[in-house]
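# Observations on the model geometry
What follows is each chain in one-letter form.
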Amino acid sequence: MTTTTDMTAAGTGTGLATGPDTYAADPSTDLSAAAPEGTGFRWSARPVTAADHAAVLDLFTEPDFYFRTHRPDTRPQWEVLSLLDEDTRLLSADGRPVGLYALEVSGGEHACHFFLHLRLTARLRPDAWASAYRELIRALRWQREVVRLAVVVGEFDDRGLTAARLAGFTEEGVLAGNIVHDGHRRGSVFLSRIWEPTS
């Protein structure tokens, strides 16, 4: 069973908002120089709709857009769209679509353990990725109790590992050799953040 959270800025101080995003900016714009330290973006998140499919498919043309797949740029359109479900959210920075995320319950319904799928465009620097992680975590923890939040990143994914570590995730271990990447067997790195239960 999966669940998700809508990241709503109103009254939360999270900086994440839901609602219709405008795509006035050219989505091919290089965002790496924008928002120094990754702090200046206005992050927003909302469910993916059919109107977003072109923007989503564009993200998957990046060879390292590892959202629920380790071979994003080799997937046909129908297969990319099958990776999206009711829990998938389009993440935008200043109204530009920059990534996807989905949240799953891990373990029992009231265990407060969650698994996060998150991927952002390579056009954003790792510190902006870490900013997105922090805003998602802040919004999630405002909405519900979280004891453990986990992510899994391929050993070969330097950008993903750097961003998770910058966002405060700690490595728990590696499942060796479970992914074939560029003709070699590589592992999956398990990382998490843990908080004391409040109830």
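Below you will find a few notes about this structure. (Residues numbered from 1 in each chain as written. Predicted model: local features only at pLDDT ≥ 70, side-chain atom pairs only at ≥ 80, totals over all residues. Heavy atoms only, no water.)

## Remarks on the overall build of the chain
Basically, it comes down to this: Only runs of H or I of at least four residues qualify as helices and only runs of E of at least two qualify as strands under DSSP, and these elements are numbered from the N terminus. Between two residues, a contact is recorded if the distance between any of their heavy atoms is within 4.5 Å. Exposure was quantified through the Shrake-Rupley algorithm and a 1.4 Å probe, taking into account, for residues, occlusion by the shown protein chains and nothing else.
Per the secondary structure count, the chain includes 4 helices and 8 strands. Listed N to C, the secondary structure of the chain is β-β-α-α-β-β-β-α-β-α-β-β in terms of helices and strands. Residue pairs at least 24 apart in sequence account for 64% of intrachain contacts in the chain once pairs closer than 6 positions are excluded. In the form shown here, the chain has an accessible surface area of approximately 9,600 Å², with 52% of it arising from carbon and sulfur atoms.

## Thoughts on the packing of aromatic side chains
Put simply, the rule reads: Stacked, tilted and edge-to-face are the three classes applied to pairs of Phe, Tyr and Trp rings, where Trp contributes its six-membered ring and a pair requires centres within 6.5 Å; stacked means planes under 30 degrees apart, edge-to-face means over 60, and tilted covers the rest. The classification of residues rests on relative accessible area computed with a 1.4 Å probe and restricted to protein chains. Under 20% of the type maximum is buried, over 50% is exposed, and intermediate values are partly exposed.
On inspection of all chains with the given rule, the structure shows 4 aromatic pairs. Centre to centre, the rings of Y66 and F156 are 5.3 Å apart; their planes meet at 80°, and the pair counts as edge-to-face. Of the two residues, Y66 is situated in the loop between α1 (53-59) and α2 (77-82) and F156 in the loop between β6 (148-154) and α4 (158-166); the sequence distance between them amounts to 90 residues. The pair Y66 / F156 is uniform in exposure class, with both members buried.

## Thoughts on the packing of helix α3 (residues 126-143) against α4
Selection rule: A fitted line through C-alpha atoms serves as each axis, taken over the contacting stretch for helices, and the angle formed by two N-to-C directions is quoted from 0 to 180°. To sort the angles, those under 35 degrees are grouped as roughly parallel, those over 145 as roughly antiparallel, those from 65 to 115 as roughly perpendicular, and the leftovers as oblique. In this scheme, a crossing is called left-handed if the near helix is turned counterclockwise away from the far one by less than a right angle; it is called right-handed if the turn is clockwise. Gly falls in the polar group here, along with every residue not listed as nonpolar (Ala, Val, Leu, Ile, Met, Phe, Trp, Tyr, Cys, Pro) or charged (Asp, Glu, Lys, Arg).
The geometry of α3 relative to α4 is characterised by a closest axis approach of 8 Å and an angle of 50° between their N-to-C directions. The angle between α3 and α4 places the two elements in the oblique class. The interaxial crossing formed by α3 with α4 has right-handed handedness. On α4, the residues that touch P126, D127, W129, A130, Y133 and R134 of α3 are R159, G160, T162, A163, A164 and L166. Considered class by class, the residues forming the contact of α3 with α4 number 7 nonpolar, 2 polar and 3 charged.

## Looking at the pattern of salt bridges
So the rule is basically this: By convention in these notes, a salt bridge is any Lys or Arg side-chain nitrogen within 4 Å of a carboxyl oxygen on Asp or Glu.
Inspection of the entire model under this criterion finds 11 salt bridges. R68 is the partner of D85 in a salt bridge, and the nearest nitrogen-oxygen pair spans 3.3 Å. Placement of the pair is D85 in the loop between α2 and β3 (89-93) and R68 in the loop between α1 and α2, with a sequence separation of 17 residues. Using a relative accessible area of 25% as the deciding quantity, one classes R68 as partly exposed. Put simply, R165 and E171 hold a salt bridge, and the shortest N to O gap is 2.8 Å. By relative accessible area, which is 41% here, E171 ends up partly exposed. Because the salt bridges share partners, they merge into one network encompassing D64, R119, D157 and R159.

## Some remarks on the nonpolar core
As a rule of thumb, soluble globular proteins bury nonpolar side chains together. Formally: Residue types Ala, Val, Leu, Ile, Met, Phe, Trp, Tyr and Cys, when buried and joined through side-chain atoms within 4.5 Å, form a set referred to as a nonpolar core.
Within the largest apolar cluster, 33 residues are counted, with the highest numbers of intra-cluster contacts made by Y133, L149 and F169. Elements with a minimum of two residues in this core: β2 (43-47), β3, β4 (96-105), β5 (113-120), α3, β6, α4 and β8 (184-194). The contacts of L149, once residues within four sequence positions are left out, are L103, F114, L116, I137, L140, F169, L191, S192, R193 and W195. Of all hydrophobic cores here, the second largest spans 12 residues; its members include L59, F60, F67 and A102.

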